[in-house]
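# Commentary on secondary and tertiary structure
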Amino acid sequence: MGISISHGVPSTRSALTISNLGQHLAHTLTSSEWRELAHLFDGRLYTPVYTPPAEAGRIGDLLHKAAAHRAMEPGWGDLAILLGDAANRAARAGQTWEWS
C-alpha cells in the first residue's frame, strides 16, 4: 500500500521511497531545517498527515532547497521537487496538504 499525497502528486509513493528520500534530505539540509520536515521523511510516518498551509509552504521551500543542493542525487532531487511543488501548491491555495 502506498502513500497518497495531495495537490498534484501522481500515483502513490511507498513508505520506503519516502524514507529513502529522507536520508538524502537529512544530508542536504541543516539540522534545524531537517527537524522541520523529519516527521514526514524519517521512516516513522503515520498517516494520515494534515499539514496546514503555512507549514506546507515552508516544507515546500525546504524540499526545493534540498533538491538544488550539489550533494542531492538527480533522481531524488526530482522527487523532492515534485513533493515541494505539491506542498507549495497547497500553501498558495490556502489548503491543507494531505498525506494518506
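Residues numbered from 1 in each chain as written. Predicted model: local features only at pLDDT ≥ 70, side-chain atom pairs only at ≥ 80, totals over all residues. Heavy atoms only, no water.

## A few points about the overall build of the protein
Note the cut-off: Note on conventions: DSSP H or I runs of at least 4 residues are helices, E runs of at least 2 residues are strands, and numbering of each starts at the N terminus. For a compact globule the rule gives 2.2 Å times the number of residues to the power 0.38, and the radius of gyration it is set against comes from C-alpha atoms. We call two residues in contact when some of their heavy atoms are within 4.5 Å. Residue-level accessible areas treat just the shown protein chains as cover; the underlying method is Shrake-Rupley with a 1.4 Å probe. His is not counted, nor are the chain ends, whereas Lys and Arg count as positive and Asp and Glu as negative. A single reference atom marks each charge: NZ on Lys, CZ on Arg, CG on Asp, CD on Glu.
The helix and strand inventory of the protein stands at four helices and two strands. Along the protein, helices (α) and strands (β) appear in the sequence α-α-β-α-α-β when read from the amino end. Scaling as 2.2 N^0.38, a compact globule of 100 residues should have a C-alpha radius of gyration of about 13 Å, and the protein matches this with 12 Å. With the C-alpha coordinates of the protein rotated into their principal frame, the extents come out at 30 × 30 × 20 Å. Here the analysis covers contacts within the protein between residues at least 6 apart in sequence; of these, 66% occur between residues at least 24 apart. With the model as given, the accessible surface of the protein reaches about 5300 Å², and the carbon-plus-sulfur share is 53%. Looking at the protein, you have 8 positive and 9 negative side-chain charges, and the mean spots of the two groups are 3 Å apart.

## A closer look at the packing of aromatic side chains
Which entries qualify depends on this criterion: Aromatic rings from Phe, Tyr and Trp, taking only the six-membered ring of Trp, are treated as a pair when their centres fall within 6.5 Å; an angle between ring planes under 30 degrees marks them as stacked, one over 60 as edge-to-face, and anything in between as tilted. When a residue's accessible area, from a 1.4 Å probe over protein chains only, is under 20% of the maximum for its type it is buried; when over 50% it is exposed; and in between it is partly exposed.
Counted by the stated rule, this structure contains two aromatic pairs. Consider the rings of Phe41 and Trp99, whose centres lie 5.6 Å apart with planes at 85°: the pair is edge-to-face. Linking Phe41 in helix 2 (residues 31-41) with Trp99 in strand 2 (residues 97-99), this pair joins segments that are 58 residues apart in sequence. Side by side, Phe41 and Trp99 carry an identical accessibility label, which is buried. The interplanar angle of 90° and the centroid separation of 5.4 Å between the aromatic rings of Trp97 and Trp99 together place this pair among those described as edge-to-face. Trp99 matches Trp97 in its accessibility class, with the two residues each being buried. Through pairs of rings, three or more aromatic residues link up here, namely Phe41, Trp97 and Trp99.

## A look at the packing of helix 3 (residues 53-68) against helix 4 (residues 74-93)
Our working rule: Angles shown run from 0 to 180 degrees and are taken between the N-to-C directions of axes, each axis being a line fitted to C-alpha atoms and, for helices, limited to the stretch in contact. Roughly parallel means an angle under 35 degrees; roughly antiparallel, over 145; roughly perpendicular, 65 to 115; everything else is oblique. Left-handed describes a crossing in which the near helix is turned anticlockwise from the far one by less than a right angle; the clockwise case is right-handed.
Viewed as axis vectors pointing N to C, helix 3 and helix 4 meet at an angle of 155°, and their least axial separation amounts to 7 Å. In terms of axis orientation, helix 3 runs roughly antiparallel to helix 4. Crossing of helix 3 against helix 4: the hand is left-handed. Between helix 3 and helix 4, the contacting residues are Pro53, Ala56, Gly57, Gly60, Asp61, Leu63, His64 and Ala67 on the first element and Gly77, Ala80, Ile81, Leu83, Gly84, Asp85, Ala87, Asn88, Ala90 and Ala91 on the second.

## Describing the confidence of the model for the protein
Applied cut-off: Per-residue confidence from the predictor is reported as pLDDT, a score between 0 and 100.
On average, residues of the protein score 96 in pLDDT, and 99% of them reach the 70 mark or higher. Per-element mean pLDDT across the protein ranges from 96 in helix 1 (residues 15-28) up to 98 in helix 3.

## A look at helix 1
Note the cut-off: Multiplying 1.5 Å by the residue count of a helix minus one yields the expected span of that helix.
Between its first and last C-alpha atoms helix 1 spans 20 Å; for 14 residues at 1.5 Å apiece the expected length is 20 Å, and the two agree. On its buried side, helix 1 packs onto helix 2, helix 3, helix 4 and strand 2.

## Notes on the packing of helix 2 against helix 3
Put simply, the rule reads: The nonpolar class holds Ala, Val, Leu, Ile, Met, Phe, Trp, Tyr, Cys and Pro. Asp, Glu, Lys and Arg form the charged class, and all remaining residues, Gly among them, are polar.
Interhelical geometry of helix 2 versus helix 3 gives an angle of 100° and a closest axis separation of 10 Å. Between helix 2 and helix 3, the crossing angle belongs to the class labelled roughly perpendicular. Contacts from Glu33, Glu36, Leu37, His39, Leu40 and Phe41 in helix 2 reach Glu55, Arg58, Ile59, Leu62, Leu63 and Lys65 in helix 3. Across the contact of helix 2 with helix 3, the residue classes break down as six nonpolar, one polar and five charged.

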